[in-house]
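Reading the structure
Each chain, written out:
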Amino acid sequence: MYSLWGMTEIRPHSATGQAAYFDLLRLLRDGQMANVIGEPRRKKVNGKAYWYDHFRIGTKTVDRYIGEDSAELRERLQRQSEIARQSRSLERERRRLVRLLRSEGYMPVDLMSGQFLSALAKVGVFRLGGTLIGTQAFRLYEGELGLRISSDRMASTMDMDIASFERLSLVLDDTVETPLETIFNDFSFEPVPGLDPGRVWRWKQTNQQTLVEFLTQSFEDDEGIRDLPALGVKAQALHHLNYLIAEPLQAAVLYRDGALVQVPRPERYAVHKLIVADRRRTGPNAMKARKDREQAAFLIKVLSEEDPDALSDAYQDARGRGAAWRRRLDASLTRMPETAARLSALPG
C-alpha cells in the first residue's frame, strides 16, 4: 500500500482485475486484425519496417497502415483469418471484461469521453500515431500499474490532449478514415480561433466546455503550429514533447467493449510532468502546476518501488538532454523534497 500527501491509501487492484485488464488489452490488439481486408504488406521507410493492409476499392489501390513491424504484430497477422471469424464472440468477451473491471473498481470514463475516444480510435487516430497525454492518460495507468487511483483532484479532467510526431505523420502515408472535423461536429465541438487565422489546433465542446488540443514536438526555437497529415489536423509544437511520446504504450479505455489508445510510458510521463510543472509555475496555468507535481510524485513513488530501473533510465535520459532540461527538473524538485530523495536513491 502507498500513502502520498494526505491522499487515501493507494492499493493494488486484485489479481482478478489485473488479469482481466491484460486480457482485455490483448483482445483489443487482436481486434485490430479483424479490420484487415486485403493482403498485408511490409514496407521499409527510413530504416524502419511498417505493415500495411493492401487492397483495392474500385480502380484505386489502398495501403492502410496497420502498425510498426514486430514479432507480436507478425504473430497476429498470421492469425488474422481466425480473428476475423471470431470477431463477434471476441467483442462479447471484451464487453464482459469491461463490466468485470468496472465492478473491480477500475476508474471508468464518463459517457462523453468514452464515446469520443472510441470514435477517435475507430477512425484511426491512435493507429496512426496519436498519443493521449495529460490527465486522461494518467487515469489509464491504473491498468498498466495495477493500482487504484482514488484522488479526484489528481485524476479529474474533462480536457483531452493528443500528441503525435510530425515526422511520423508524414512517413506513414495514410490518413484517418473520417475527417476529424466530422467527428468534432458530431460531438458539438467548435474550433477555437488562434492568433494565426485558419490554423486551428484546439476545439471546444459547446455544451460541456471540454477542450481538445493537438500537440507535436518542436526541435526549433519557436513553438509554432505544425501540420499532422496522417490525422488531418494542425498541432501546437512544444519543446520536450518528443521525450514524452517516445515509445508509447497501448492502453484500454473502459467503455462498452473497450477502445484501444496510446499513452506515454508512465516513467516518461512522471519525469515530463516535473518539467511541465516548472513551465507552468507562474501565470494562468499556475494551478495546473500543482496537479502536475502531484501526478509526478505519485508515479515516482510507485515506480521507485515497482520498476526503479525504468524510472532511473527515464530520469537520466531527461537530465542528459542539456542544461535547460536540468534547470526545469531541479526547479520542480526543490519544491518536492521526498520525490527528489527517491530519484536520488535510484540505481545507476
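Residues numbered from 1 in each chain as written. Predicted model: local features only at pLDDT ≥ 70, side-chain atom pairs only at ≥ 80, totals over all residues. Heavy atoms only, no water.

1. Considerations on the nonpolar core
- Among the nonpolar cores identified, the biggest contains 100 residues, and Phe116, Val125, Phe138, Leu180, Phe214, Leu231 and Val263 are the most heavily contacted of them.
- Apart from residues no more than four positions distant in its own chain, valine 263 is found in contact with Thr131, Leu132, Ala137, Leu140, Tyr141, Pro248, Leu249 and Ala251. (Core = buried A, V, L, I, M, F, W, Y, C linked by side-chain atoms within 4.5 Å. Buried < 20%, exposed > 50% of the residue type's maximum accessible area, 1.4 Å probe, protein only. Contact = heavy atoms within 4.5 Å.)

2. Some details on the layout of surface pockets
- Roughly 810 Å³ of volume is contained in the second largest pocket.
- Forming the walls of the second largest pocket are 32 residues, and the residues nearest its centre are Asp161, Glu213, Val276, Arg280 and Lys288.
- Looking at the lining of the second largest pocket, the elements that each hand over two or more residues are helix H6 (135-139), strand S5 (160-163), strand S8 (211-217), strand S10 (233-238), helix H11 (241-245), helix H12 (266-279) and helix H13 (286-306).
- It is H12 that provides the largest number of residues to the lining of the second largest pocket, a total of five residues.
- Split by residue class, the lining of the second largest pocket holds 11 nonpolar, 11 polar and 10 charged. (1 Å grid on protein atoms, 1.4 Å probe; cavity = no way out; pocket = protein on both sides within 12 Å on 5 of 7 lines; lining within 4 Å. Points joined across faces, edges and corners; volume = space filled by probe spheres on them. Helix = DSSP H or I, 4+ residues; strand = E, 2+ residues; numbered from the N terminus. Nonpolar A, V, L, I, M, F, W, Y, C, P; charged D, E, K, R; others polar.)

3. A look at the confidence of the model for the chain
- Summary statistics for the chain give a mean pLDDT of 91 and a share of 95% for residues scoring 70 or more.
- Contacts of residues 1-8 to residues separated by more than four positions or lying in other chains number 22 contacts, the stretch itself having pLDDT below 50. (pLDDT = per-residue confidence, 0-100.)

4. Examining the sheet that holds strand S1 (residues 39-45)
- Spatial ordering of the open sheet is given by S1-S2-S3, a layout of three strands whose pairing is antiparallel. Each end of this open sheet is capped by a strand with a single partner; those strands are S1 and strand S3 (60-68). Taken over all neighbouring pairs, the strand axes of this sheet differ in orientation by 35 degrees on average, direction set aside.
- For S1 and strand S2 (residues 48-57), the ladder comprises seven bridges, and the chain directions are antiparallel. Opposite lysine 44, over in S2, you have alanine 49 as the bridge partner.
- Packing against the sheet, helix H2 (residues 71-78) makes contact with S1, S2 and S3, and its axis sits at approximately 130 degrees to S3. (Pairing = 2+ DSSP bridges. Axes fitted to C-alpha atoms, helices over the stretch in contact; angles between N-to-C directions.)

5. A look at empty space enclosed by the protein
- This structure, assessed with the given rule, holds one cavity of 30 Å³ or more.
- Roughly 80 Å³ of internal volume is contained in the largest cavity.
- Lining of the largest cavity is provided by Tyr21, Tyr106, Met107, Arg139, Leu140, Glu142, Gly143, Ala252 and Leu254.
- The class makeup of the residues in the lining of the largest cavity is six nonpolar, one polar and two charged.

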